[in-house]
Amino acid sequence: MCGIMGYLGNQEARPILLQGLENLEYRGYDSTGLSILSETGEFQSVKSTGRLSALKSVLEKNKLSGNVGIGHTRWATHGQVTVENAHPHLDCNNSVAVVQNGIIENYRQIKENLQSRGHIFKSDTDSEVIPHLIEEVLDQGQSLESAVEFALTQVKGSVTLLVTQSKIDPKIVAARLGNAGGLVIGVEDNELFIASDIPALLPFSNNIMFLNPGEIAILSTDGIEFVDDQGRTIEKQVSTQLVNATEPDKGEYDWFMYKEIMEQPDVLLNVLRDRVGIDNFSLELPELSSITEQLPKINRVILMGCGTSYHAALVGKGFIESITKLPAQAEIASEFRYANQVIRDTDLVVALTQSGETADTLEAMEKAKQAGAVLIAITNVLDSQSTRIADASLHMRAGIEVGVASTKTFTASLLILYILSIYLGKNRSSVSEIELTEHIHDLEKLPEYIGNALNESPNIHLLAKDYANTQYFLFMARGLLFPIALEGALKLKEISYIHAEGHPAGEMKHGPIALIGPDVTTIALAPNVPNKEKTETTIEEIKTRNGVVLGVVTAGDSNLASRLDGCLFLPSVPVNLVPIVAAIPMQLFAYFIALEKGLDIDHPRNLAKSVTVE
Ligand code: F6R
């Protein structure tokens, strides 16, 4: 979702802004723009629809020069994808430029009021009210920071923004109201960088400061100053990020998604490292030390997330119930935040969010926190907002995921949930020493099992070639494989734009079986797990009606394979690991279908990697 980048220093701002925005491309966007202050303090702005390459072409003809600027990649919410609606937005006098991420819920009312006072709007966006609100305060002779503070008192919703002003000593004012994505500041001698996320700053600075909701940062040639929403000064420390200052690289692969799928054995090894001792059969989660004293009182676990992270929560519910032996429920965070849920201080709430910035998940976390629940975040981004809201965080350690469709962060989430379930069970004495040893034996082999599942890639590609023109896919499974069926359907629709649905196999005859016909292919997840024969019965019911059925089947199960139209084979693995390993053919099948259709796999239409608006 929208990416923000700002620069104030002594170098040309243009290439720095472009590089920063390029490193934020993974978030998803549909238009771009820059405003740079010229030597004489005037704004020079360039905007374009489409990708950054289109903006670069415009900049070839119009080389903006200056040492201070702000840039934006826009993911449209209000107003279509047009040059006029792209950011930065300026006021009537061209004296302030604004880039914004978030949603201003009361913008219509503010816009009408501003128009009645003579303001002329050039876009259909909600964001454009900000520069006009600021303009009115600047006209009264107040400072840029006072004007931003005032504008924030007028808007309802969540916003993250950068504002810069023409014809004054160079200054960028940054502000956050609510949870509409983060802002990270990179501090170097005589130079300040500010962006939505750390990857944008990696080439420029490792000295990082974070802006929290309700805070304002004033970046100037004198340095940086932080104030809270009451205008009181805040002291902040610079932290040094121990990050590799290189951009993610596709290496030998054509698409990040495929690279990220193939990386999963290493990612899962990383998840296990220091947490699971293979030699001494130990299992520790030192990241939870701050909440261990509170764990004995927990009598229910609520897991939540959006999209793929919700599917991980569904599997997590199963792990917690079967391993920890605690009641558990999985919730869609965008629903949970508004639901009349009973949340108690004896609940453990586990929020799953690879980006750590999903607005709905963050708000659901705030709700759980206010109710006194113990709160854990499982995230791939250290220092993301989710880790600041949670009482404790478990890092996915998956490395930057660039492909918009989550793959390695999904399996990393599942593995962490499995480890967490054992950890909680150990803590509550519901997992015996013998069971712990068995679990660790299984976990030790997981990266190898994932590698074996990935070895099926060429066969899955062949199958995908045959089915790339299918119009509808129906995924079905039982138990802990049902969330994997949902995930298979989501992956496929996200990147191939083919209609796909996931259903519990037992529900087929209660409605979905009516869909079976020549245009529909069913994918049945039926590897060797308890109740497999029940799924086989449903397969028979579909075959009897001349339905086409592909199966996710354990290698060597020739009996079932012979009754199917095609197979995606899985290695034989312990039952608890089946959902994690079964995610692999789902990801590969979706990837190869999209490849056959010649689509932009890493940047599927309309989607964003970091969903920072509601
Ligand atoms: C699908 C996908 C999305 C995300 C969802 C939540 O491939 O990636 O469904 O899972 O937008 O994102 P996070 O996990 O960042 O909260």
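The model shown is predicted, which means the values in this text are computed figures rather than measured ones.

> It is not clear to me how the pattern of salt bridges should be interpreted in this structure. Could you clarify?
Between side chains of opposite charge, pairing is possible as soon as their charged atoms come close. One pass over the structure, following the stated rule, counts 22 salt bridges. One salt bridge connects D360 with R337, and the closest N-O pair in it is separated by 2.7 Å. In this pair, D360 sits in helix 11 (residues 359-370) while R337 sits in the loop between helix 10 (333-336) and strand 20 (347-353), placing the two residues 23 residues apart along the sequence. Comparing D360 with R337 shows no difference in burial state: the two are buried.

> Just checking my understanding: could you explain the pairing of strand 27 (residues 566-570) for this structure?
Judged by how many residues are buried, strand 27 sits mostly within the fold: four of five residues are covered. In terms of strand pairing, strand 26 (residues 548-554) meets strand 27 through five bridges, oriented parallel. Residue G551 lies in a different strand from strand 27, and its bridge partner there is C567.

> Honestly, the sheet that holds strand 23 (residues 472-477) in this entry has me stumped. Any pointers?
By definition, the strands of a sheet pair up through backbone hydrogen bonds, in either a parallel or an antiparallel sense. Across the sheet, five strands lie side by side as 24-23-25-26-27; this open sheet has parallel pairing. Only two strands of the sheet have a single neighbouring strand rather than two, namely strand 24 (499-504) and strand 27. Strand after strand, the sheet turns through a mean of 20° between neighbouring axes, direction not considered. Along the sheet, helix 16 (residues 482-496) contacts strand 23, strand 24 and strand 25 (520-525); its crossing angle with strand 24, the most-contacted strand, is approximately 175°.

> Sorry if this is basic, but what is going on with the pairing of strand 22 (residues 392-395) here?
The two faces of a sheet get side chains in turn, since along a regular strand they alternate between them. Neither face of strand 22 is exposed, since A392 and L394 on one face and S393 and H395 on the opposite face are all buried. Pairing of strand 21 (residues 374-379) with strand 22, which is carried by four bridges, proceeds in the parallel orientation. Bridged to I376 within strand 22 is A392.

> How do you make sense of the environment of E363 when you look at a structure like this?
Within the fold, E363 resides in helix 11. You can call E363 partly exposed: its relative accessible area is 24%. Taking the C-alpha atoms as reference, E363 lies 28 Å from A485; in sequence the two are 122 residues apart. Setting aside residues up to four positions removed in sequence, E363 forms contacts with N179 and R337.

> What's the story with helix 19 (residues 578-596) in this structure? I'm lost.
The terminal C-alpha atoms of helix 19 lie 28 Å apart, and with 19 residues this matches the ideal 27 Å at 1.5 Å per residue to within 8%. Counting buried residues in helix 19 gives 17 out of 19 residues, a clear majority hidden from the surface. Once helix 19 finishes, G598 follows within two positions and takes phi at roughly 70°, a positive value.

> Where do I start with the packing of aromatic side chains in this structure?
To describe a pair of aromatic rings, one takes the distance between the centres and the angle between the planes. The tally for this structure, following the rule as stated, stands at nine aromatic pairs. Ring plane angle 45° and centroid distance 5.1 Å describe the contact between Y7 and F193, whose orientation is recorded as tilted. With a gap of 186 residues between them, Y7 in strand 1 (residues 3-8) and F193 in strand 10 (residues 191-195) connect regions that are remote in the sequence. Accessibility assignment for this pair places Y7 and F193 in one class, buried. With a centroid separation of 5.6 Å and 85° between ring planes, the pair formed by F473 and F589 is classed as edge-to-face. Taken together, the residues F473 in strand 23 and F589 in helix 19 connect sequence positions 116 residues apart.

> Explanation requested: the side chain of Q354 in the structure shown.
For Q354, the position within the fold is in the loop between strand 20 and helix 11. Discounting chain neighbours no more than four positions away, the residues touching Q354 are S309, T379, N380, V381, M396, E401, S406, T409 and K609.

> What is the right way to look at the packing of helix 9 (residues 308-324) against helix 13 (residues 408-427) in this model?
Running from N to C, helix 9 and helix 13 cross one another at 25°; their axes reach a closest spacing of 9 Å. Between helix 9 and helix 13, the angle is such that the two are roughly parallel. Crossing handedness for the pair helix 9 and helix 13: right-handed. Between helix 9 and helix 13, the residues in contact are T308, H311, A312, V315, G316, F319, I320, I323 and T324 and F410, S413, L414, L417, Y418, S421, I422, L424 and G425, respectively. Here the contact of helix 9 with helix 13 is built from residues that sort into eleven nonpolar, seven polar and no charged.

> Help me understand the site of the ligand, please; the structure alone is not making it clear to me.
Neighbouring the ligand are 14 residues, the closest being S309, T353, S355, T358 and S406. Contact between the ligand and T308: an oxygen atom at 3.1 Å from a main-chain N or O atom of the residue. Residue K491 places a side-chain N or O atom 2.9 Å away from an oxygen atom belonging to the ligand. Protein coverage of the free-state accessible area of the ligand, which is 410 Å², stands at 92%. Contributing elements (two or more residues each) for the shell around the ligand: helix 9 and helix 16. For the shell around the ligand, the residue count by class is four nonpolar, eight polar and two charged.

> Is there a simple way to think about the domain arrangement of the protein in this case?
One widely used convention gives an interface's size as the accessible area the parts lose upon coming together. Domain boundaries in the protein define domain 1 (3-250), domain 2 (262-452) and domain 3 (457-596). Placing the centre of domain 1 and that of domain 2 at their C-alpha centroids yields a distance of 34 Å. In this assembly, 14 residues from domain 1 lie in contact with 14 residues from domain 2. Between domain 1 and domain 2 the total buried area reaches about 1,000 Å² when both faces are included, carbon and sulfur atoms providing 53% of it. Our enumeration of links across domain 1 and domain 2 arrives at zero salt bridges. At the boundary of domain 1 and domain 2, one finds two residue pairs in polar contact (both at pLDDT 80 or more). Among the residues forming the side of domain 1 that touches domain 2, the class breakdown is seven nonpolar, five polar and two charged.

Reading guide: rules and limits
Every chain's residues receive numbers from 1 upward, in the order its sequence appears when written. Two thresholds apply to this predicted model, a pLDDT of at least 70 for residue-level local features and 80 or more for giving and counting side-chain atom pairs, whereas whole-chain, interface and lining totals are computed over all residues. Note that the side-chain values use all heavy atoms of the structure and ignore hydrogens as well as water. A pair is scored as a salt bridge if a Lys or Arg side-chain nitrogen falls within 4 Å of a carboxyl oxygen belonging to Asp or Glu. What counts as a helix is a DSSP run of H or I of at least four residues, what counts as a strand is a run of E of at least two, and both are numbered from the N terminus. Using a 1.4 Å probe on the protein chains alone, a residue whose accessible area is under 20% of its type maximum counts as buried, one over 50% counts as exposed, and one in between counts as partly exposed. A pair of strands is treated as paired once DSSP finds two or more bridges between them. Axis definition: a line fit to C-alpha positions, over the contact stretch in the case of helices; interaxial angles, taken between N-to-C directions, run 0 to 180 degrees. The contact definition used throughout considers only heavy atoms, calling two residues in contact when any of these lie within 4.5 Å. A helix is expected to span 1.5 Å for every residue after the first. Pairing of aromatic rings covers Phe, Tyr and Trp, the last through its six-membered ring, and needs centres within 6.5 Å; plane angles under 30 degrees mean stacked, over 60 mean edge-to-face, and all others mean tilted. Put simply, angles under 35 degrees are roughly parallel, angles over 145 are roughly antiparallel, angles from 65 to 115 are roughly perpendicular, and the rest are oblique. Helix crossings fall into two classes, left-handed where the near helix is turned counterclockwise from the far one by less than a right angle and right-handed where it is turned clockwise. All amino acids are sorted into three groups, where Ala, Val, Leu, Ile, Met, Phe, Trp, Tyr, Cys and Pro are nonpolar, Asp, Glu, Lys and Arg are charged, and the leftover types, Gly among them, are polar. Being near a molecule or strand, for a residue, comes down to having at least one heavy atom within 4 Å of it. As used in this structure description, the phrase polar contact means that two N or O atoms lie within 3.5 Å; if the pair is within protein, one of them must be able to donate a hydrogen and the other to accept it, and residues adjacent in sequence are counted only when both atoms belong to side chains. Each accessible area is a Shrake-Rupley estimate made with a 1.4 Å probe; only the visible protein chains count as cover when residues are assessed. Residue ranges for the domains trace back to a domain assignment, done automatically or taken from a database. Throughout, buried area stands for the accessible area (probe radius 1.4 Å) lost by two parts on being put together, summed over both.

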